[in-house]
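Each chain is listed here by its residues.
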Amino acid sequence: MKIFVILGAVNAFLSVALGAFGAHGLENKLEPKYLEIWKTGVQYQMFHALGLLAIGIISGKVGASSLLSWSGWLMLIGIILFSGSLYVLSTSGIKVLGAITPFGGVAFLVSWVLLILFSIKYL
């Protein structure tokens, strides 16, 4: 499951890069409200990048399982839907994109529940 370590590292890198871009490149270009939305996207991307890293490491130590695999893929889907929609919303101002964000949030929640179930069953 090294794919999850790679995806986690890529998303952590992107989170740092997007955070720096938001702080320095967007600071005077976005309204404070939209800059906060951008920051929320960055925070959640980093949290779940670390989750992906953990899933990759756990799967390397304990072995792969469908619970763990689904947890990782749902974290990635959550990053794309949740953080991605917040990035586009904050830079475009298209408020209807906010309707996509909760789907990413649900993907995050389900991914953590699957990780909990994996832990109960295998650790």
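What you are looking at is a predicted structure, and each value in this text was computed from that prediction instead of being measured. (Residues numbered from 1 in each chain as written. Predicted model: local features only at pLDDT ≥ 70, side-chain atom pairs only at ≥ 80, totals over all residues. Heavy atoms only, no water.)

1. Re the overall build of the chain
Heads up, the rule is: The way it works is that DSSP assigns letters per residue, a run of H or I at least four long becomes a helix, a run of E at least two long becomes a strand, and they are numbered from the N terminus. Think of it in three bands: residues with accessible area under 20% of the maximum for their type are buried, residues over 50% are exposed, and the middle band is partly exposed, with areas taken using a 1.4 Å probe on protein chains only. Should any heavy atoms of two residues lie within 4.5 Å, those residues are counted as being in contact. Every accessible area reported is derived by Shrake-Rupley at a probe size of 1.4 Å, with residue values counting cover from the shown protein chains alone.
Summing up its helical and strand segments, the chain has 4 helices and 0 strands in all. For the chain, the sequential pattern of α-helices and β-strands runs α-α-α-α. By its C-alpha atoms, the chain is 50 × 25 × 15 Å across when sized along the principal axes. Taken over 123 residues, the chain has a buried fraction of 41%. At a minimum sequence separation of 6, the contacts of the chain that also span at least 24 residues come to 78%. Split by element, the accessible area of the chain, about 6,800 Å² in all, is 75% carbon and sulfur.

2. Examining the pattern of salt bridges
Let me state the cut-off plainly: A side-chain nitrogen of Lys or Arg and a carboxyl oxygen of Asp or Glu constitute a salt bridge if their distance falls within 4 Å.
Evaluated as defined, the whole model comprises 1 salt bridge. A salt bridge links Glu36 to Lys39, with the shortest nitrogen-to-oxygen separation between them at 3.5 Å. You can see Glu36 and its partner Lys39 sitting in helix H2 (residues 32-62), 3 residues apart, about one turn around the helix. Classification of Lys39 as partly exposed rests on a relative accessible area of 42%.

3. Some remarks on the packing of helix H1 (residues 2-25) against H2
Our working definition: Axis definition: a line fitted to C-alpha atoms, over the contacting stretch in the case of helices. Angles run 0 to 180 degrees between N-to-C directions. An angle below 35 degrees is read as roughly parallel, one above 145 as roughly antiparallel, one from 65 to 115 as roughly perpendicular, and any other as oblique. For a crossing to be left-handed, the near helix must be turned anticlockwise from the far one by less than a right angle; the clockwise case is right-handed. Throughout, the ten residues Ala, Val, Leu, Ile, Met, Phe, Trp, Tyr, Cys and Pro are labelled nonpolar, Asp, Glu, Lys and Arg are labelled charged, and all others, Gly among them, are labelled polar.
The N-to-C vectors of H1 and H2 enclose an angle of 160 degrees; their axes lie 7 Å apart at closest approach. Judged on the interaxial angle alone, H2 and H1 are roughly antiparallel. Considering the relative orientation of H1 and H2, their crossing is left-handed. Taken together, the residues that form the contact of H1 with H2 break down as 18 nonpolar, 7 polar and no charged.

4. Some words on the side chain of Ser90
Within the fold, Ser90 resides in helix H3 (residues 66-92). When sequence neighbours within four positions are dropped, the list of residues in contact with Ser90 reads Leu30, Tyr34, Ile37 and Trp38.

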